[in-house]
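What the coordinates show
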Amino acid sequence: MKLKNKIALALGVVLVSVNTNAQKSVFKKEEFKQWAQTPPMGWNSWDCYGSTVEEHEVKANTDYMVKNLKSSGWEYIVVDIRWFVENDKAGGYNQTDPRYVMDQYGRYLPALNRFPSAKDGQGFKPLADYVHSKGLKFGIHIMRGIPKKAVQEKLPIKGANGITADQIYTTDLQCKWLKDNYTILADKPGAQEYYDSLFELYAQWGVDFIKIDDLSRPYHEAEINLIRKAIDKCGRKIVLSTSPGETPISAAAHVSTNANMWRMVDDVWDTWPHITHLMDVAQKWYPYIAPGTWPDCDMIPLGRISLRGERGEDRMSRLTKDEQYTLITFFNIFKSPLFFGGDLPSNDAFTLSLLTNKEVLKMHRESTDVKQLFQKDGKVAVTSKNPKDGSIYLALFNISDKKTENVTVSLSDLGIKNAEVTNLWTGKKVGAVTNEVSATLNKHASVLYKLKVKK
C-alpha cells in the first residue's frame, strides 16, 4: 500500500472514530425521559437559605441526607439561586450593587467567599465530587437568559466565531423580579452556542440536575428549545426542571416533550392558602403525570425554613400537623417531584417521619393512573393504582374550614366492590369495606388508604 493511501486510510479511521464519539455524546430525541422514570427526590437550598447558601451548609445537608434519607430514595442536592453573587442578602436580593463572578465567556462561576472549593477555576466540580462521593447527585439553579454584565462588557460567546453577548440579547420580557439577565434572542447566531457553552461547563462540573427560572410565565418556548438542545449535546444526563409560576396548560405538549419536571404554581410556602391553591391548579395537570415528565408541586416547606430565606423569619413550618400531612400526602399521591426545602440537620422526628414512610414512598414511586375523583364543597378525593400488586390508593382531604367533614367515595368509582383497607401513614388496618370508603376528617386534615381488592 502506498504511503499516500495509508495516510488517507488512517485519517479515515480517525474521522470515523471522532464522528462515532460525537454521536455517542448526543442524546436522542426525548431520551431525557429515561433519566427520571420516577419523580426526582432531593433537597433544595431555597426555602431555608434563599440566595445566600454557603458550601458548608450544602455539605451539612448532604451528610444528613446520606445518613437519614438516602435509603428511602432521596438523592439530589440542589444549590438554588444566585450562587455567583458575593454579596447577596437574606430576605430578598441585592440588586443595588451585586458583585457577580463570571468567566471570560459570560458564564457565571461560584462565589469563592461562599464556595471556597471553587478556587483555581474549578467551579462546582469539587462540591459535586463531594456529593457524588456520598452516592448522591448534584444540582444547581440558574436564571434563563444571558447576564447583563456579559452584554455590557461585550464578552465573546464560546464557540460562536467572534459573536459577542451584546449581539444576542433583548430587553423585552426581562425577568420582572430579578434583573441579573437579559432575554436571549433564540434565532440569533450565537444563541444556541451560548447555551451549549453553559452545559458544556456544567457537564464538566458534574451537574446532574438543573432548575432554570423564569421560563414559565410567560412561557419561553424558544429558550426552552435552546436549553433542550444544549443538554442533549453536552454528553451528561442532566435532569431539567423549569420554573417557576403557573405553566400554562396550553404549553403542556411542549413542556412535557422538553423538560423532566415543570412548576404548576408560584412558590409554595407554609400557609394554608398556598396548599388549596396548589390543589386547585393541579386539577388540569393529572393527564400529564408520566414517567420522565412530572408536573411539579414546588418545594416542600416543612421543617426549619427561612434561616436566611426570602420569606419571613427563621422558623419551623407554620402549618399544623394535619396540614403537613395533607401537603405531603397530596405531593406523594400526585407523584410530584419531592424537594425538601427545610434545613435537614434541623429536622425533628415528626418532620423526618413525613419523609421516610416506606409504604407512602412506594406509592409515590410505583403508582400509575393518578386521577382526581372529585374536588367540591371543600372535599377532595384522589386515587391511583399499583400495577405490581393490584392495590388501589385513595387519598381523602377536608380542605374546608369546617370543624369536621365526612368524605366518602363509592367503591364503584374505583371499579371494585369489596376491599381490605389499610392506613398508609399509620400502618393500621381499617378493615373490610363494602360499597364505599369514608372518613370523618378535621378541618385541613386528610387520610391516605391502601385498598387490597377482595375477590
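Residues numbered from 1 in each chain as written. Predicted model: local features only at pLDDT ≥ 70, side-chain atom pairs only at ≥ 80, totals over all residues. Heavy atoms only, no water.

An unreviewed UniProt entry annotates the protein as Alpha-galactosidase of Flavobacterium seoulense. The heading Sequence similarities (unreviewed entry) in the UniProt record of the protein holds the text "Belongs to the glycosyl hydrolase 27 family." Regarding the protein, the UniProt comment filed under Catalytic activity (unreviewed entry) reads as follows: "Hydrolysis of terminal, non-reducing alpha-D-galactose residues in alpha-D-galactosides, including galactose oligosaccharides, galactomannans and galactolipids." (UniProt positions renumbered as here; feature names shortened; annotations may be inferred.)

The subject of this paragraph is helix 10 (residues 321–333). Along its 13 residues, helix 10 runs 18 Å from first to last C-alpha, staying within 8% of the 18 Å computed at 1.5 Å per residue. The buried count for helix 10 comes to 10 of 13 residues, which makes it a mostly enclosed element. Buried within helix 10 we find Glu323, Gln324, Thr326, Leu327, Ile328, Thr329, Phe330, Phe331, Asn332 and Ile333. Just past helix 10, the residue Lys335 takes up positive phi, approximately 65 degrees. (Helix = DSSP H or I, 4+ residues; strand = E, 2+ residues; numbered from the N terminus. Expected span 1.5 Å × (residues − 1). Buried < 20%, exposed > 50% of the residue type's maximum accessible area, 1.4 Å probe, protein only.)

As a further point, take the nonpolar core. Nonpolar side chains in soluble globular proteins tend to end up buried together. Counting residues in hydrophobic clusters, the biggest one holds 126 residues, and the most contacted among them are Trp74, Trp83, Ile140, Phe199, Tyr202, Ile210 and Phe330. The biggest single contributor to this core is helix 6 (residues 191–205), with 9 residues. When residues are assigned to domains, this core turns out to be shared by domain 1 (31–356) and domain 2 (373–453), each giving three or more. In terms of nonpolar packing, the next biggest core, distinct from the first, is built from 20 residues, Phe374, Ala381, Ala445 and Tyr449 among them. (Core = buried A, V, L, I, M, F, W, Y, C linked by side-chain atoms within 4.5 Å. Domains from an automatic or database assignment.)

Taking strand neighbours across the sheet as the criterion, the 8 strands line up as 10-9-8-7-3-2-1-13 in an open arrangement whose pairing is parallel. Among the strands making up the open sheet, the edge pair consists of strand 10 (294–296) and strand 13 (338–340). Taking the axes of each pair of neighbouring strands and ignoring which way they run, one obtains an average angle of 25 degrees across the sheet. Contacting strand 2 (76–79) and strand 3 (137–143), helix 4 (residues 125–133) crosses the sheet at an angle of about 140 degrees to strand 3. (Pairing = 2+ DSSP bridges. Axes fitted to C-alpha atoms, helices over the stretch in contact; angles between N-to-C directions. Contact = heavy atoms within 4.5 Å.)

For the structure shown, the criterion picks out 32 salt bridges. Residues Lys233 and Asp196 are paired through a salt bridge, measuring 3.1 Å at the closest nitrogen-oxygen approach. Highlighted residues: Lys233 in helix 7 (residues 221–234) and Asp196 in helix 6, separated in sequence by 37 residues. The partner of Arg236 in a salt bridge is Asp208, and the shortest N-O contact between them spans 2.7 Å. (Salt bridge = Lys/Arg side-chain N within 4 Å of Asp/Glu carboxyl O.)

Turning our eyes to something else, we now look at unusual backbone geometry. Cis geometry is found at the peptide bond from Arg217 to Pro218, where omega equals -5 degrees. Position of Pro218 relative to the elements: it lies in the loop between strand 7 (209–213) and helix 7.

Here the focus is helix 7. Here helix 7 is 14 residues long and its end C-alpha atoms lie 20 Å apart, about the 20 Å a rise of 1.5 Å per residue gives. When we look at burial in helix 7, the residues that qualify are Glu223, Ile224, Leu226, Ile227, Arg228, Ala230, Ile231, Asp232 and Cys234. Each element contacted by the buried residues of helix 7 is listed here: strand 6 (181–184), helix 6, strand 7, strand 8 (239–242) and helix 8 (252–255). Following helix 7 by one or two positions, Gly235 has its phi on the positive side, about 85 degrees.

Further remarks concern the domain arrangement of the protein. Splitting the protein by domain gives domain 1 (31–356) and domain 2 (373–453). Once you take the C-alpha centre of each, domain 1 and domain 2 turn out to be 34 Å apart. When domain 1 packs against domain 2, close to 1400 Å² is buried across both sides, 66% of that on carbon and sulfur atoms. Ranking the residues of domain 1 by area buried against domain 2 places Trp272, Thr329 and Ile333 at the top, with a combined share of 40%. (Buried area = accessible area lost by both parts, 1.4 Å probe.)

Right, let's talk about the UniProt feature "domain: Alpha galactosidase C-terminal" (unreviewed entry) in the protein for a bit. Summarizing the sequence annotation, UniProt attributes the feature "domain: Alpha galactosidase C-terminal" (unreviewed entry) to residues 377–451 in the numbering used throughout. Helix makes up 0% of residues 377–451 and strand 61%, and the two end C-alpha atoms of the span are 25 Å apart.

Attention now moves to the pairing of strand 14 (residues 368–376). Two strands pair when backbone bridges link them, and strand 14 and strand 15 (residues 379–385) are joined in this way by 6 bridges, in the antiparallel orientation. Residue Thr368 lies in a different strand from strand 15, and its bridge partner there is Lys385. Between strand 14 and strand 15, which follow one another and run antiparallel, lie 2 residues, and Asp377 among them has a positive phi close to 50 degrees.

Here we come to the sheet that holds strand 16 (residues 392–398). Pairing is antiparallel in the open sheet, where 6 strands are placed in the order 14-15-16-21-18-19. Strands at the two margins of the open sheet, each flanked by one partner only, are strand 14 and strand 19 (429–434). Pairs of neighbouring strands in the sheet enclose a mean axial angle of 25 degrees, with direction left out of account.

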